Amino acid sequence: MRDESRTLAGVIHHPRLVLARGAGSWVWDEDGNRYLDFTAGLAVAALGHGRTDLADILRTQYATLEACSNLYGNLPALELAERLVEHSFAARVWFANSGTEANEAALKFARIVAGSSGDAGKTQVVAFRGGFHGRTFGALAMTHEPHYRVPFAPLVPGVRFASFNDLESARRAVNPRTCAVFVEPVQGEGGVVPADPEFLRGLRRLCDENDALLVFDEVQCGLGRLGTLFAYEDYGVIPDMLTLAKPLGGGLPLGATLLSDRVAAALKPGQHGSTFSGGPCACAVGVRVFDVIAEPEFLEAVRLQAVRLRAGLDRLAATSPLTARARGRGLMQAILLKPAHRARGVDVVKEARNRGLLVTRAGRDAVRLLPPLTCTPDEVDFALGVLGDTLAALQPARHVARSVVATNVVTTPVAAPVS
Ligand code: PLP
C-alpha cells in the first residue's frame with residue numbers, strides 16, 4: 001500500500017493495493033504476497049496474466065510498426081477486423097481505445113443512421129436502470145447510477161431510462177423518436193444481473209417496430225465470458241451494433257464497435273476518427289486473444305468452470321447467514337448479500353483479500369467474481385474456499401458454530417508471502 005495520494009488524481013480511492021506482477025490467475029504485491037485474481041483486471045486479463053505469447057507478439061509488432069494513425073491502414077487491424085466480421089453478425093468494425101469510446105461511437109453512429117433516414121427528430125436513446133456504459137459524456141448519459149452522473153450535468157440530452165428485465169417499462173420508453181436502445185446482456189457494474197432471454201427478444205421486437213437500433217454493450221460480458229464467443233449468441237438475439245473492449249487487447253487499450261450492414265452503409269468518411277483507433281500493436285495482440293478465445297475447446301472449458309463456480313457459490317449462498325443467493329451467467333458471477341448485510345460488501349472484499357483472493361463489489365449488494373477465462377478447477381475451488389472462510393469469519397457470532405459445520409468448505413491459509 002504505497003501512498004499514491006500525493007501523485008495520482010483524487011478521483012481514485014486511496015490507499016489501494018499496488019500490484020507488482022502477475023502470472024496466470026495470480027498476482028503479487030510488492031511484498032511478495034500472492035493473490036488469486038478473480039477480478040482479472042476487471043475482465044481484461046481474460047487469458048490470465050504474464051502471457052509470454054502476447055508479450056512476444058507485442059515486442060515483434062512494436063519493433064516492426066508501432067503506430068500509423070488513421071491516415072494509413074495496417075495489417076494487424078485488418079486481420080482483427082476480418083476475424084470479428086467473419087465470426088459475428090457484423091459487416092464492418094470500428095476500433096476504439098476503450099469501452100466508453102466504443103459506446104460513444106455507437107451512439108454517434110445511431111444518430112447518423114437516424115439522420116440519414118431524413119427524420120431530424122429521431123434522436124432519443126433508451127438505456128436501463130443499473131446499466132453502465134462508460135465515463136465519457138455520451139456513455140455517461142446512458143449510465144444510470146446517479147453518483148457517476150450528477151457532478152457532470154448537463155449530460156448529452158435525450159436519454160430515457162427503463163427498468164431492466166421489464167419489457168412493459170421498455171415499451172413505455174421506446175417510441176418512433178428513439179434512434180437506439182443500449183443494453184448490457186448481463187449488467188456488470190449494476191450487480192451482475194443477467195437479462196432474461198425473453199427481455200432481449202422483446203427489445204429486438206420493440207426496436208424493429210420503432211425503427212430503432214438495438215445496441216448490445218458486451219464490453220464486460222462479451223468475448224468468451226459467457227462461454228460463447230459473444231454474449232448475443234448465448235441469448236440468440238442479434239443486435240444492430242455491439243461494443244467490445246476489456247479483454248480484446250489482452251491488456252492493451254482496445255475496443256471495437258461491430259456494425260450491421262445497415263449501420264455500415266450509413267457511415268461516410270470523416271464522420272468519426274481517433275488517432276489510436278486500430279493501432280497495430282493493440283490489434284496484433286488482439287488477433288491472438290481472439291484466436292485463443294474463439295477455439296471451441298476454450299469456450300467449452302469456460303462453460304465447465306462456470307458450472308463449477310456457480311455450483312460452489314450456490315452452496316455458499318445457501319449456508320452463510322450473510323448471503324441471499326448467487327447470481328450471474330458464465331464466468332461472470334456474484335454472491336448477493338442479504339439486505340441487512342449489504343454494507344458488509346466492503347468487509348467481504350477486504351477479508352477475502354487478506355486471505356489471498358481478489359474480488360470486487362458490484363451494484364448495491366453483489367460481491368462479483370470475474371475470473372480469468374483460463375482459471376483451473378483448483379483455482380475455482382481455492383476461491384470458493386476463501387470466500388467460505390471469509391463469510392464464516394464475518395458472520396454474526398451466534399451463527400458461527402452451526403454454519404462452519406454446514407458449509408464444509410476448504411479452509412485456506414491467510415495470504416502468506418509466496419514468491
Ligand atoms: N460498458 C460496460 C458494460 C462496462 O462494464 C464498462 C467498464 O466497466 C464500460 C462500458 C466502460 O469501459 P472502459 O472503462 O474501458 O471505458
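Up top you'll find the structure we're talking about.
Conventions and cut-offs
Residues numbered from 1 in each chain as written. Predicted model: local features only at pLDDT ≥ 70, side-chain atom pairs only at ≥ 80, totals over all residues. Heavy atoms only, no water. Helix = DSSP H or I, 4+ residues; strand = E, 2+ residues; numbered from the N terminus. Rg over C-alpha atoms; globule rule 2.2 N^0.38 Å. Buried < 20%, exposed > 50% of the residue type's maximum accessible area, 1.4 Å probe, protein only. Contact = heavy atoms within 4.5 Å. 1 Å grid on protein atoms, 1.4 Å probe; cavity = no way out; pocket = protein on both sides within 12 Å on 5 of 7 lines; lining within 4 Å. Points joined across faces, edges and corners; volume = space filled by probe spheres on them. Nonpolar A, V, L, I, M, F, W, Y, C, P; charged D, E, K, R; others polar. Disulfide = S-S within 2.5 Å.

Visitor: I tried to follow the overall build of the protein chain on my own but got confused; where do I start?
Guide: Along the protein chain, the regular secondary structure elements total 15 helices and 17 strands. Computed over the C-alpha atoms, the radius of gyration of the protein chain is 22 Å, within 12% of the 22 Å expected from 2.2 N^0.38 for a compact globule of 419 residues. Overall, the protein chain is about 70 × 55 × 45 Å in size when its C-alpha atoms are taken along their principal axes. Counting over 419 residues, the protein chain shows a buried share of 54%. The contacts in the protein chain between residues at least 6 apart in sequence include a share of 71% that link residues at least 24 apart.

Visitor: Can you walk me through empty space enclosed by the protein in this structure?
Guide: If a probe as big as a water molecule is rolled over the atoms, it shows which places are left empty. Using the criterion set out here, one finds one cavity of 30 Å³ or more in the structure. What lines the largest cavity is simply Ala110, Val113, Ala114, Lys122, Cys179, Asp211, Leu213 and Arg262. No other element matches the three residues that helix α4 (residues 99–116) contributes to the lining of the largest cavity.

Visitor: Looking at this structure, how should I read the layout of surface pockets?
Guide: The computed volume of the second largest pocket comes to approximately 1,000 Å³. Lining of the second largest pocket is provided by 40 residues; of these, Asn70, Trp94, Phe95, Ser277 and Gly278 occupy positions nearest its centre. Looking at the lining of the second largest pocket, the elements with two or more residues in it are α3 (75–86), β4 (92–96) and α11 (280–294). Residue classes in the lining of the second largest pocket are distributed as 24 nonpolar, 13 polar and three charged.

Visitor: Sorry, what's going on with the state of the cysteines here?
Guide: Each disulfide consists of a covalent bond between the sulfur atoms of two cysteine residues. Applying the stated criterion to the full structure yields zero disulfides. This cysteine, Cys179, is not joined by any disulfide, and Cys207 carries the nearest cysteine sulfur, 10 Å off. Take Cys179: its relative accessible area is 2%, and that puts it in the buried class.

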